[in-house]
Amino acid sequence: MRIRRWLLRVLSHIDAPLLLLLLTLMVMSLFVQYSAASQSDARLLSHGLNMLVALGVMVLVANIPPQYLLSLALPLYVVGVLLLVGVATVGEVVNGSRRWLNLGVTRIQPSEIMKIAMPLMLAWYFHHHEATLRLKDYGIAALLLAIPVALVAKQPDLGTALLISASGFYVLFFAGLPWRIMLGMLAALGASLPVVWHFMHDYQQKRVLTLIDPTQDPLGAGYHIIQSTIAMGSGGSFGKGWLQGTQTHMGFLPERTTDFVFAVFGEEFGLLGNALLLALFLAIIVRGLMIAASAPTLFARLMAGSLTLAFFTYAFVNMGMVSGILPVVGVPLPLVSYGGTAMVTVMLGFGILMSVKTHRKLLKS
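This one's a predicted model, so the numbers in the text were calculated from it and none came from an experiment.

Participant: Go over the overall build of the protein chain, please, and point to the residues and values.
Facilitator: Looking only at helices and strands, the protein chain has 15 helices and 3 strands in total. Taking 21 Å as the expected radius of gyration for a compact globule of 365 residues, we find that the protein chain reaches 21 Å, a close match to that expectation. Projected onto its principal axes, the C-alpha positions of the protein chain cover 60 × 60 × 45 Å. Across the protein chain, the fraction of contacts at a sequence separation of at least 24, relative to all contacts at a separation of at least 6, is 71%. Here the protein chain displays about 17400 Å² of accessible surface, and carbon together with sulfur accounts for 70% of that area. Put simply, the protein chain has 23 plus and 14 minus side-chain charges, and the middle of one group is 15 Å from the middle of the other.

Participant: Any details on helix α13 (residues 298–323)? Residues and values, ideally.
Facilitator: Compared with the 38 Å implied by 1.5 Å per residue over 26 residues, the 37 Å span of α13 between its first and last C-alpha is a close match. Of all the 26 residues making up α13, 22 are buried; the element is thus mostly covered by neighbouring parts of the structure. Directly after α13, the chain includes glycine 324, whose backbone phi takes a positive value near 85°.

Participant: Break down unusual backbone geometry for me, with residues and values.
Facilitator: Backbone geometry at glutamine 39 places phi at a positive 60°, although glycine is not the residue there. Tracing the chain through its elements places glutamine 39 in the loop between α2 (16–36) and α3 (41–62). On the accessibility criterion, glutamine 39 (39% relative accessible area) is partly exposed.

Participant: Could you give an account of the nonpolar core, with specific residues and numbers?
Facilitator: Phe126, Met347 and Phe350 are the most contacted members of the largest nonpolar core, which has 92 residues in total. Examining the composition of this core, we find that 15 residues originate from one element, α13, more than from any other. Discounting chain neighbours no more than four positions away, the residues touching phenylalanine 126 are Leu133, Asp137, Tyr138, Ala141, Val171, Leu172, Ala175, Leu298 and Leu302.

About the cut-offs
- Residues numbered from 1 in each chain as written.
- Predicted model: local features only at pLDDT ≥ 70, side-chain atom pairs only at ≥ 80, totals over all residues.
- Heavy atoms only, no water.
- Helix = DSSP H or I, 4+ residues; strand = E, 2+ residues; numbered from the N terminus.
- Rg over C-alpha atoms; globule rule 2.2 N^0.38 Å.
- Contact = heavy atoms within 4.5 Å.
- Areas by Shrake-Rupley, 256 points an atom, 1.4 Å probe, with all protein chains shown as cover.
- Lys, Arg positive; Asp, Glu negative; His and termini not counted.
- Charge placed at Lys NZ, Arg CZ, Asp CG, Glu CD.
- Expected span 1.5 Å × (residues − 1).
- Buried < 20%, exposed > 50% of the residue type's maximum accessible area, 1.4 Å probe, protein only.
- Core = buried A, V, L, I, M, F, W, Y, C linked by side-chain atoms within 4.5 Å.

The quantities given are spatial measurements derived from coordinates; they are silent on function.
Below is the structure:
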C-alpha cells in the first residue's frame, strides 16, 4: 500500500500529454534504430536501456520543485564553466578535438552540462533582477552566455557552441530583449562573418563550402550530404518500407544510427513518414510552450520556454543538416539518434518542464 501511494505521488508530477508524445517518439526511434543498426539486437537493447535511464532522470527531475532548481542554477553554471576550463587545460584529445574530461572513474563531456546549466543560469539572473531590469542586465547576461560558448567553440565544437548560444538567446528573447538590440546583433553578426571565417578551422570552412557544392569533394567532405540526400530522395512519397532502405543496408549512408538517422527514416518511410515525424516534434514543442506560457514566475517561464525552443533547435539543425540545407555540424536528432548522454540531457530538460507544470501551486506561493 505504501509503495502504491509513493508511486502515485511520484507519477502525479508527470504531464500525461507530454509523456505520451515523448513515448510515441521513442517507440518510433526503436524501430528506426533497429533498421539503422542492421537489425542488431545488442544495439536495440542498448538504445532501450538509454531510454529507460533517460525516463528515470525525467521522472526524478519532475519531482523536484522549481525552487530547488532555482537554487541549483548558479552552482551548476559555475561547476560547468570550471569543468570547461579543465577540458581546455587537461582534457583528452579525441579525433582532433579536446572535448572530454577524464575523472578517473569515467569520462564526461562538460559541454552537455552547459546545455541545461546555461538557460537555468540566465533564467536565475533575470528572476533576481526582474523588478529593476535595465539594458545593462542584458549585457551582463550576454557576457555570462559568451564565456561557456567561447570555451566550447575553442575545443573545437562549433555545433554544441551554437546550441548553447541558441538556448541562451531564447532566455534573452523571452526576458524582453528589445527588438532594436536583436536587429543590431543580427547586423553585427553579418558584418563579423568575414572575421569569423578567418578564425574557423580548415575542416569547418570546408563544411560550409561543401554545403554550397557537395560535388566538389564527393568522396570526402561532400560524401555525407550526397548520400543522405540520395537516401531521403529515394524514399519518395511512401518510402521503401521498414528494413528495406538500400542506402542504409548497403552501407552507403554514414553515421546512420546517430547524426544521419533522419535519412534512414526518410528512406524507409518516405515523405509521409517525415511529415508525421515533423508533426510529432511540433506537438511536443507546442505542449512545451503551453507549459511555459502558464508558468506563474519569470524564472519558470524563461526556463521552460528556452528549453522547449532549444529542443526545436536541435531537431531543426539535425534535419536541416541531413537534408543538405545546413552545414554538417554533428548534432543528433533528439530522442531518435543513438546516444545515452544526449538523450538524458534532453529528457532532463523535459523533466524540468514537468516540474514547472505540476508544481504550479507551490510556485504561486
